[in-house]
Amino acid sequence: MDEKVNCTKCKCGKEDKFLKKLFTIYKPNKDNLIQMLNEIQEHYGYVPMYVQQELSEFLKIPMAEIYGVVTFYSRFSLEPQGKYKISVCLGTACFVKGSQKILDRLSERLKIEPGETTEDVLFTIDQTRCVGACGLAPVFTVNGEVYGKATVQDLDKVLDKLLEQEG
Amino acid sequence: MKTLEEIHKIRENKKKELDLRVNTNADTREKHILVCQGTGCTSSKSPDILKNFKKILKEKNIENVRVIKTGCFGLCAKGPIVIIRPEDTFYAMVTPNDCEEIIQTHIVEGKIVERLLCKDIDGSKAKSLDELSFYKKQKRIALKNCGVIDPENIDEYIAFDGYKALETVLKEMTPDDIIDILSKSGLRGRGGAGFPTYKKWEFTKAAEEKQKYVVCNADEGDPGAFMDRSILEGDPHSILEAMSIAAFCIGANKGFIYVRAEYPIAVKRLQIAIDQAREYGILGKNIFNLGFDFDIEIRLGAGAFVCGEETALLESIEGKRGQPRLKPPYPAVSGLWGKPTLINNVETYANIAQIILKGPEWYSSIGTENSKGTKVFALGGNVNNIGLVEVPMGTTLREIVFDIGGGIPNGREFKAAQTGGPSGGCIPKEHLDTPIDYESLKEIGSMMGSGGLIVMDDTKCMVSLAKFYLDFTVSESCGKCTPCRIGTKRMHEILEKICDGKGSESDIYKLEKLSKNIIKSSVCGLGQTAPNPVISTMKYFADEYREHVIDKTCKTNECKALAKIEVIPEKCKGCGICQKNCPVDAIEGEGRDIRRINQEKCIKCTTCISKCPFKAIK
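Values in this document were obtained by computation on a predicted structure and should not be read as measured data.

Asks: Sorry, what's going on with the sheet that holds strand 3 (residues 82–85) of chain B here?
Replies: Within a sheet, adjacent strands bond to each other through the backbone by hydrogen bonds, running parallel or antiparallel. Residues and elements named next belong to chain B. The strand order across the open sheet formed by four strands is 2-1-3-4, and the pairing between neighbours is mixed. Of all the strands in the sheet, the pair left with one neighbour each is strand 2 (65–70) and strand 4 (89–91). In this sheet, adjacent strand axes meet at a mean angle of 20° when their direction is disregarded. Two strands pair when backbone bridges link them, and strand 1 (residues 31–36) and strand 2 are joined in this way by six bridges, in the parallel orientation. The residue bridging V35 from the neighbouring strand is K69, located in strand 2. Seen against the sheet, helix 4 (residues 46–59) touches strand 1, strand 2 and strand 3 and runs at an angle of roughly 165° to strand 2.

Asks: Hey, could you run me through the nonpolar core in this one?
Replies: General note: in soluble globular proteins, nonpolar side chains tend to be found buried as a group. Within the largest apolar cluster, 133 residues are counted, with the highest numbers of intra-cluster contacts made by F90, Y163, W201, L240 and Y349 of chain B. It is helix 12 (residues 236–250) of chain B that contributes the most residues to this core, nine residues altogether. With 45 residues, the next largest nonpolar core counts Y46, V47 and V70 of chain A together with L336 of chain B among its residues.

Asks: Explain the sheet that holds strand 4 (residues 145–147) of chain A here, please?
Replies: Residue and element names in this part refer to chain A. Spatially, 2-1-3-4 is the arrangement adopted by the four strands of the open sheet, whose pairing is mixed. Edge positions in the open sheet fall to strand 2 (123–128) and strand 4, since each of these has one partner strand only. When strand polarity is set aside, the average angle formed by the axes of neighbouring strands in this sheet is 25°. Looking at chain direction, strand 1 (residues 84–89) and strand 3 (residues 140–142) are connected through three bridges and run antiparallel.

Asks: Whenever I open this one, the pairing of strand 15 (residues 425–428) of chain B confuses me. Can you help?
Replies: It is a general feature of regular strands that their side chains alternate between the two faces of the sheet. Residue and element names in this part refer to chain B. Where strand 14 (residues 414–419) and strand 15 come together, four bridges link them in antiparallel fashion. In the strand pairing of strand 15, Q418 is matched with C426. Joining the antiparallel neighbours strand 14 and strand 15 is a turn of five residues, in which G420 adopts a positive phi near 80°.

Asks: Looking at this structure, how should I read the pattern of salt bridges?
Replies: Pairing is possible between side chains of opposite charge, provided their charged atoms come close. Throughout the structure, instances matching the rule amount to 55 salt bridges over all chains. Taking the shortest distance from any N to any O, the salt bridge between E17 of chain B and R66 of chain B comes out at 2.9 Å. Of this pair, E17 of chain B sits in helix 1 (residues 4–17) while R66 of chain B sits in strand 2, and the two are 49 residues apart along the sequence. Here D88 of chain B ties to R85 of chain B by a salt bridge, and the two come within 3.1 Å at their closest N and O atoms. On the accessibility criterion, R85 of chain B (11% relative accessible area) is buried. One continuous salt-bridge network, built from bridges that share partners, spans R105, E108, R109, D156 and D160 of chain A.

Asks: Got a minute to help me understand the packing of helix 2 (residues 33–44) of chain A against helix 4 (residues 63–72) of chain A in this structure?
Replies: A pair of packed helices is captured by two measures, namely the crossing angle of their axes and the spacing between those axes. All names here are of chain A. Viewed as axis vectors pointing N to C, helix 2 and helix 4 meet at an angle of 65°, and their least axial separation amounts to 11 Å. Once helix 2 is placed against helix 4, the crossing between them reads as right-handed. Touching L33, I34 and L37 of helix 2 are I66, V69 and V70, all from helix 4. Among the residues forming the contact of helix 2 with helix 4, the class breakdown is six nonpolar, no polar and no charged.

Asks: Before we go on, may I ask you to explain the domain arrangement of chain B in this structure?
Replies: Often the size quoted for an interface is simply the accessible area lost on bringing the parts together. Residues and elements named next belong to chain B. The domain boundaries assigned to chain B delineate domain 1 (17–136), domain 2 (154–363), domain 3 (374–457), domain 4 (462–551) and domain 5 (564–618). Put simply, the middle of domain 2 and the middle of domain 4, counted by C-alpha atoms, are 35 Å apart. Between domain 2 and domain 4, the contact holds twelve residues from the first and ten residues from the second. Carbon and sulfur atoms make up 74% of the area that domain 2 and domain 4 hide from each other, which totals about 880 Å². Looking only at domain 2, the three residues that lose the most surface to domain 4 are P223, F305 and P324, adding up to 51% of its buried area. Between the two partners, domain 2 and domain 4, sit three residue pairs in polar contact (both at pLDDT 80 or more). The class makeup of the residues in the side of domain 2 that touches domain 4 is six nonpolar, three polar and three charged.

Asks: Help me understand the interface of chain B and chain A in this model?
Replies: Facing 52 residues of chain B, the contacting portion of chain A comprises 35 residues. Between chain B and chain A, the buried area comes to about 3,300 Å², and carbon and sulfur atoms account for 56% of it. Three residues, A302, R321 and F468 of chain B, lead the burial of chain B against chain A; their summed loss comes to 18% of the area buried on that side. The interface formed by chain B and chain A contains one salt bridge. Across the pair D104 of chain A and K560 of chain B runs a salt bridge whose closest N-O atoms are separated by 4.0 Å. At the junction of chain B and chain A, the tally comes to eleven residue pairs in polar contact (both at pLDDT 80 or more). Elements supplying a minimum of two residues to the side of chain B that touches chain A: helix 3 (39–43), strand 8 (254–260), strand 10 (292–301), helix 14 (310–317), strand 16 (452–457) and helix 19 (462–476) of chain B. Here the side of chain B that touches chain A takes six residues from helix 19 of chain B, the largest share from any one element.

Asks: What's the story with the side chain of N145 of chain B in this structure? I'm lost.
Replies: Residue and element names in this part refer to chain B. Within the secondary structure, N145 sits in the loop between helix 6 (133–136) and helix 7 (154–159). Take N145: its relative accessible area is 3%, and that puts it in the buried class. Apart from residues lying up to four places away in sequence, N145 is in contact with Y157, F160, G234 and D235.

Asks: Can you walk me through the domain arrangement of chain A in this structure?
Replies: Per the domain assignment, the segments of chain A are domain 1 (2–72) and domain 2 (84–165). Domain 1 of chain A and domain 2 of chain A are separated by 29 Å when their C-alpha centres are compared.

Asks: Would you explain the pairing of strand 11 (residues 341–345) of chain B in this entry?
Replies: Residues and elements named next belong to chain B. For strand 11, the tally of buried residues reaches five of five residues, placing the bulk of the element in the interior. Along strand 11, one buried face is formed by T341, I343 and N345 and the opposite face, lined by L342 and N344, is buried too. Pairing between strand 7 (residues 213–218) and strand 11: five bridges, direction parallel. Across the sheet, the residue bridging to N217 is N345, located in strand 11.

Asks: When you look at the side chain of D222 of chain B in this model, what are you seeing that I'm missing?
Replies: Structurally, D222 of chain B can be placed in the loop between strand 7 and helix 11 (227–234). It is K375 of chain B that comes nearest to the buried, bridge-free D222 of chain B among opposite-charge side chains, at 8.9 Å.

Asks: Is there a simple way to explain the environment of I112 of chain B in this structure?
Replies: All names here are of chain B. Checked against the element boundaries, I112 lands in the loop between helix 5 (99–108) and strand 5 (118–119). According to the relative accessible area criterion, I112 is partly exposed, its value standing at 28%. Non-local contacts of I112, meaning those with residues more than four positions away in its chain, are made with T89, Y91, T105, L117 and K127.

Asks: How should I be thinking about helix 21 (residues 505–521) of chain B in this particular structure?
Replies: All names here are of chain B. For helix 21, built from 17 residues, the straight-helix expectation of 24 Å at 1.5 Å per residue is met to within 8% by its first-to-last C-alpha distance of 25 Å. Burial in helix 21 covers these residues: D507, I508, L511, S515 and I518. What you see down the axis of helix 21 is that its buried residues fit within an arc of 100°, all on one side. In helix 21, the exposed positions angled more than 90 degrees off the buried face are occupied by E505, Y509, K516 and K520.

Asks: How should the packing of aromatic side chains be read in this particular structure?
Replies: Two aromatic rings are characterised by how far apart their centres lie and by the angle between their planes. Evaluated as defined, the whole model comprises 19 aromatic pairs over all chains. Ring plane angle 85° and centroid distance 5.6 Å describe the contact between F18 of chain A and Y44 of chain A, whose orientation is recorded as edge-to-face. Taken together, the residues F18 of chain A in helix 1 (residues 17–25) and Y44 of chain A in helix 2 connect sequence positions 26 residues apart. Seen from their ring centres, F72 of chain A and Y73 of chain A are 5.0 Å apart, and the 75° between their planes marks the pair as edge-to-face. Pair check on accessibility: F72 of chain A and Y73 of chain A agree, each one buried. Here the basic side chain of R260 of chain B rests over the ring of Y263 of chain B, its NZ or CZ set 4.9 Å away from the ring centre. The side chain of K375 of chain B reaches across the aromatic face of F377 of chain B, ending 5.8 Å from its centre.

The rules behind each value
The written sequence of each chain sets the order in which its residues are numbered from 1. Lettering for chains starts from A, numbering for ligands starts from 1, and both go in the order in which the items are written. Whole-chain, interface and lining totals are the exception, using all residues; otherwise, since this is a predicted model, local features are given only for residues with pLDDT of at least 70 and side-chain atom pairs are given and counted only at 80 or more. Computation of side-chain values: all heavy atoms of the structure, hydrogens and water removed. Should DSSP find at least two bridges between two strands, the strands are regarded as paired. Numbering of helices and strands runs from the N terminus, with a helix taken as a DSSP run of H or I at least four residues long and a strand as a DSSP run of E at least two residues long. Interaxial angle, 0 to 180 degrees, is taken between N-to-C directions of lines fitted to C-alpha atoms, where a helix line uses only the stretch in contact. Whether two residues touch is decided by their heavy atoms; if any such pair falls within 4.5 Å, the residues are in contact. To form a nonpolar core, buried Ala, Val, Leu, Ile, Met, Phe, Trp, Tyr and Cys residues must be joined to one another through side-chain atoms within 4.5 Å. Only protein chains enter the accessibility calculation, which uses a 1.4 Å probe. A residue is then buried if its area is under 20% of the maximum for its type, exposed if over 50%, and partly exposed in between. Here, a salt bridge means any side-chain nitrogen of Lys or Arg that lies within 4 Å of a carboxyl oxygen of Asp or Glu. Helix crossings fall into two classes, left-handed where the near helix is turned counterclockwise from the far one by less than a right angle and right-handed where it is turned clockwise. Here the term charged refers only to Asp, Glu, Lys and Arg, the term nonpolar to Ala, Val, Leu, Ile, Met, Phe, Trp, Tyr, Cys and Pro, and the term polar to all other amino acids, Gly among them. Throughout, the edges of the domains are those of an automatic or database domain assignment. Accessible area that two parts lose when put together, evaluated with a 1.4 Å probe and summed over both, is termed the buried area. Whenever two N or O atoms come within 3.5 Å, that pair is a polar contact, provided that in protein one can donate a hydrogen and the other can accept it, and provided that, for residues adjacent in sequence, both atoms are side-chain atoms. In this charge count, Lys and Arg are treated as positive and Asp and Glu as negative; neither His nor the chain ends contribute. Expected span of a helix, by definition, is 1.5 Å for each gap between consecutive residues, and there is one gap fewer than residues. An arc is given here, and it is the one of the directions from the helix axis to the C-beta atoms. Two aromatic rings, drawn from Phe, Tyr or Trp (for Trp, its six-membered ring), form a pair once their centres lie within 6.5 Å of each other, and the interplanar angle then sorts them: stacked below 30 degrees, edge-to-face above 60, tilted otherwise. When the NZ atom of lysine or the CZ atom of arginine is within 6 Å of a ring's centre and also within 35 degrees of its normal, the charge is said to sit over that ring.

Printed below as a string of structure tokens:
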């Protein structure tokens, strides 16, 4: 999370090198909005407000339109994501094998709803559609690492381990 | 840049070298160890297996053995899968620690590692892929190269007649010839609706405009479907070749592949394939020196189911919110940036090159009267052999679920199969013998869809399943038109009410009426098909709805508010296992007492049911 706060618009005054580079790779063409947002989401973990403002100036699109696109697609988020993003697959194959129970348990333990992030920005719960590992259903992933044929007990173990690591 | 002669030479040389991949009697001293690198196997450490094999071979200084990464073999339930060619030995559920033994026993000593062979449904151990019942009824056309070639190596694609169809088309055919071939083949769109492919091509070709586009719809959003992903991961060049053929046919010189960002492996392999094709001069200017220009770009989706709808997809490529446009005008007339655009699904494209090479008569000899060729299904849910299957159209559901899928696990009974994802419906037991094609599925209230096929056993509540799909549609509705945006929300609320035990008979009537209105008045396919899961479950499982609203019970205990978990006193041995496992201490009793469940404390998690060794809780 180190360089993510460095930006042109916040008080740190440091230059946001990533954004500067992005503006040289892409032409200021409206069509590039989603592609650029994908890279921004990947880099920062979310789409910060000041980045939206910069984008708006660069692409000559009103802020409202950018906000509209960001909120339309589930991949983009407006809030910083937790250090550990735990995604429970709710694709049909996982659902019929009981992934809802895993999601419920996760919400219960972290005391947040799916889509939310814990206050200490450690965990984000995400409910995803099919991750394509239907052969291993039900699955959940922690920062992209897949845990297959998962049970509530497996989830507990993983959570315990992560919590211990973080003290 | 390669000339045509050079490509012919590559094909000739590589064909000999790779004969062992498809021919068990190949005349060679080489062996190829094929390791699946599809998403399923990758999730269970198959990249480590690949690395281990390479490391051990190097350490032991073994020559004549190559380790190859391939796309999906299909039988994902038994992954990670390793196949050794030419003898075609099929090893299942391999771990990185097994590599040493496989190399020592199989490669060095020439014996089979019995314990890693795949157990078939009847309990016998299958030595090769062809011996497995999972593969016996399959016919692989779209998946032809998946699990055979290294998807990141263009030469291997060329070896198996890759880019030969493109060459034939550019040298010998006119656009009308291609349309004629497609028309005779009977190929229909594999994305769901089943519109005849040749008509789309014909309309786009007929549009009078200089600038046209070819688009590949790889936004596979159906939960539980992964056919397109496997093709992109296992055989990306087949899509590039088909798109080039399409571009030549309609007169386009620019193509886009719109693919989900959730498929990182597919995106990476597509990019590698595009780069290689450009390097060989198969994409770019003056392809094969025959005066045809075409190039392809990848566009990433950002997680919106509605973008699978063709006009919403176009909006998204243009960088906007993915909201569908009103039709007409159809994309064939006014598509990307208002120009004529041809959009086909991944699987549709995967069939094109083979139809050109083998002829339309060959293709139309497969399948049923109105649905030709094969269809790929992602078989999942409560079935033994979860994975990817490709069968001729007209294969019955029973054959897919029981012969190929190996039936239902844990001795449970088949209850229903769901096809078409959130747009499709449930098919009950009595329709198991329906031959699967576009029309027959529609007749029984479901649809082909893109090919997700989820099997459900008798522990699944159909009302709660309908609620699950509506929940999906509610969150994926783009919000442009009112019937879909608000209608599906209301339907979901009613279903929630029913599952919470607060429903009444009038709710069922309301659901029916709302369904009809949403189907009639929604703008795009998403809304027009959203009520299907509800309609089909109400039709085939009306009793279950009635139980929920009148008797206030849910037999499967899935609807928690209606569930009542009880100990069967005659069966309980008083072991106390349930008590130890209960997360909320809702089970009462001591020593060898027959246990009681305190209904006030019980959260109906059903842990006790699964833990009881005597099946004394229900």
